[in-house]
Amino acid sequence: MSTYSDPIELLIGIDDTDNLESRGTGYHARSIGAAMAQNGWGQCSVITRHQLLFSPLVPFTSHNSAACIKVHSTTDHLNDIEQFCINYLQNESAEGSDPGLCIANQQQITLDLIRFSFLCKIRVVTQQQAYQIAESAGLKLHGLGGDFQGIIGALASVGLNGSGSDGRLLWLEGMRERAEQIVTVGELLHETGIDVLQTVAGEVIQDHKQKINMGSWPRAIWIGGEATLIIDNTMENSDVWQVAAKEYLKQY
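Residues numbered from 1 in each chain as written. Predicted model: local features only at pLDDT ≥ 70, side-chain atom pairs only at ≥ 80, totals over all residues. Heavy atoms only, no water.

**Quick notes on the overall build of the chain**
Check the secondary structure of the chain and you find seven helices and twelve strands. Its C-alpha atoms give the chain a radius of gyration of 19 Å, within 12% of the compact-globule value 18 Å for 252 residues. Overall, the C-alpha framework of the chain stretches about 55 × 55 × 35 Å when taken along its three principal axes. Classification of the 252 residues of the chain by burial places 48% in the buried group. Working note: accessible area of the chain is about 12,500 Å², and carbon and sulfur atoms make up 47% of it. (Helix = DSSP H or I, 4+ residues; strand = E, 2+ residues; numbered from the N terminus. Rg over C-alpha atoms; globule rule 2.2 N^0.38 Å. Buried < 20%, exposed > 50% of the residue type's maximum accessible area, 1.4 Å probe, protein only. Areas by Shrake-Rupley, 256 points an atom, 1.4 Å probe, with all protein chains shown as cover.)

**Some points on the packing of helix α3 (residues 111–119) against helix α4 (residues 127–137)**
Contact geometry of α3 with α4 gives a least axis separation of 9 Å together with a crossing angle of 155°. Taken together, the axes of α3 and α4 are roughly antiparallel relative to one another. α3 and α4 meet at a crossing whose hand is left-handed. Here D112, L113 and F116 of α3 lie close against α4, whose contacting residues are Q129, A130 and I133. Here the residues of the contact of α3 with α4 are counted per class, giving four nonpolar, one polar and one charged. (Axes fitted to C-alpha atoms, helices over the stretch in contact; angles between N-to-C directions. Parallel < 35°, antiparallel > 145°, perpendicular 65-115°, else oblique. Left-handed = near helix turned anticlockwise from the far one by under 90°. Contact = heavy atoms within 4.5 Å. Nonpolar A, V, L, I, M, F, W, Y, C, P; charged D, E, K, R; others polar.)

**Details of the packing of α4 against helix α5 (residues 150–163)**
Packing of α4 against α5 brings their axes to within 9 Å, and their N-to-C directions diverge by 40°. Classified by the interaxial angle, the pair formed by α4 and α5 is oblique. Considering only the axes of α4 and α5, their crossing is left-handed. Residues Q127, A130, Y131, I133 and A134 of α4 lie in contact with α5, whose contacting residues are I151, I152 and L155. Looking at side-chain class alone, the contact of α4 with α5 contains seven nonpolar, one polar and no charged residues.

**Let's talk about the side chain of E82**
Structurally, E82 is set in helix α2 (residues 78–92). Separated by 2.7 Å, the side chains of E82 and H142 make a polar contact. In contact with E82, other than residues within four places in its own chain, are L101, I103, K140 and H142. (Polar contact = N/O pair within 3.5 Å; in protein donor to acceptor, adjacent residues only side chain to side chain.)

**Here's the deal with empty space enclosed by the protein**
Scanning all chains against the criterion turns up one cavity of 30 Å³ or more. The space that makes up the largest cavity amounts to roughly 80 Å³. In terms of lining residues, the largest cavity is bounded by L169, L170, W171, L172, M175, R176, P218, R219 and A220. Split by residue class, the lining of the largest cavity holds seven nonpolar, no polar and two charged. (1 Å grid on protein atoms, 1.4 Å probe; cavity = no way out; pocket = protein on both sides within 12 Å on 5 of 7 lines; lining within 4 Å. Points joined across faces, edges and corners; volume = space filled by probe spheres on them.)

**Focus on unusual backbone geometry**
A positive phi angle is found at F148, which is not glycine, with a value near 70°. Locating F148 in the fold gives a position in the loop between β5 (140–143) and α5. Residue class for F148 comes out partly exposed when judged on its relative accessible area of 35%. The backbone phi angle of E180 is positive, close to 70°, even though this residue is not glycine. Its place among the elements puts E180 in the loop between β6 (168–172) and β7 (182–184).

**Re the environment of L11**
The topology assignment puts L11 in strand β1 (residues 7–15). Separated by 148 residues in sequence, L11 and G159 place their C-alpha atoms 9.0 Å apart.

**Things to note about the packing of aromatic side chains**
Each aromatic ring pair is described using two quantities: the centre-to-centre distance and the angle formed by the ring planes. Counting across every chain of the model gives three aromatic pairs. Chaining the aromatic ring pairs together yields one cluster made of W41, F84 and Y88. (Phe/Tyr/Trp six-rings, centres within 6.5 Å; stacked < 30°, edge-to-face > 60°.)

**Remarks on the confidence of the model for the chain**
Chain-level statistics for the chain give a pLDDT mean of 92 and a share of 92% at 70 or above. Here helix α7 (residues 246–249) is the element of the chain with the lowest mean pLDDT, 92, and α3 is the one with the highest, 98. (pLDDT = per-residue confidence, 0-100.)

**Focus on the side chain of R49**
Examined against the element boundaries, R49 turns out to sit in strand β2 (residues 42–51). Here R49 occupies a buried position and makes no salt bridge, while the nearest side chain of opposite charge, D166, is found at 7.9 Å. Side chain to side chain, R49 and Q51 meet in a polar contact 2.9 Å long. (Lys, Arg positive; Asp, Glu negative; His and termini not counted. Salt bridge = Lys/Arg side-chain N within 4 Å of Asp/Glu carboxyl O.)

Listed below in structure tokens is the structure:
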């Protein structure tokens, strides 16, 4: 008997999975993203990192950042994906962590959720507020260990990714392999997940023959729902641009 399924843009948010000695949340996000294709559930398109409030009032391991995995899937895989993520975080999260998981589809990203998520970047919020927002939007929110504090970042990462206007990319197809290479704009647009190349001044580069020095840390950022590579030209009259400096990109 066949089952009916619809395409879906799935957002999987995770937070507080690590301790000071363990692998970070970014590693777990990439592992979950890879498992989507390995299990035939869909294709990971981007993984974003979102910086939340950095304050002594908020308990965190190192930087208080959360991650969101965006997956092109279908509705008939939702239960399998949810159960896999729960099992993975329960088994792989570090001792002493407070892992949280949030699962939503892009159509569930409400204005209230986006407001809450950006508030998490500048103010202390509570688990009760997070549960209320998740319930209102119909999202799946799970506390999977410790004191459940990770639900806040998991929910916020979904809202921030879903807003299209926050975050640095932890993973994007074809980017890590091009570190330390000189490539053209056309190669990046056609052979990686990059959507836009933009200068630090805000100009979009459309010349596909323009050369880009990728450097050792070629991280894209999430702007307008597009994977955007910020580039700069610090050498006068140079015909090769370069990915913006690491310290510049870390603001995202």
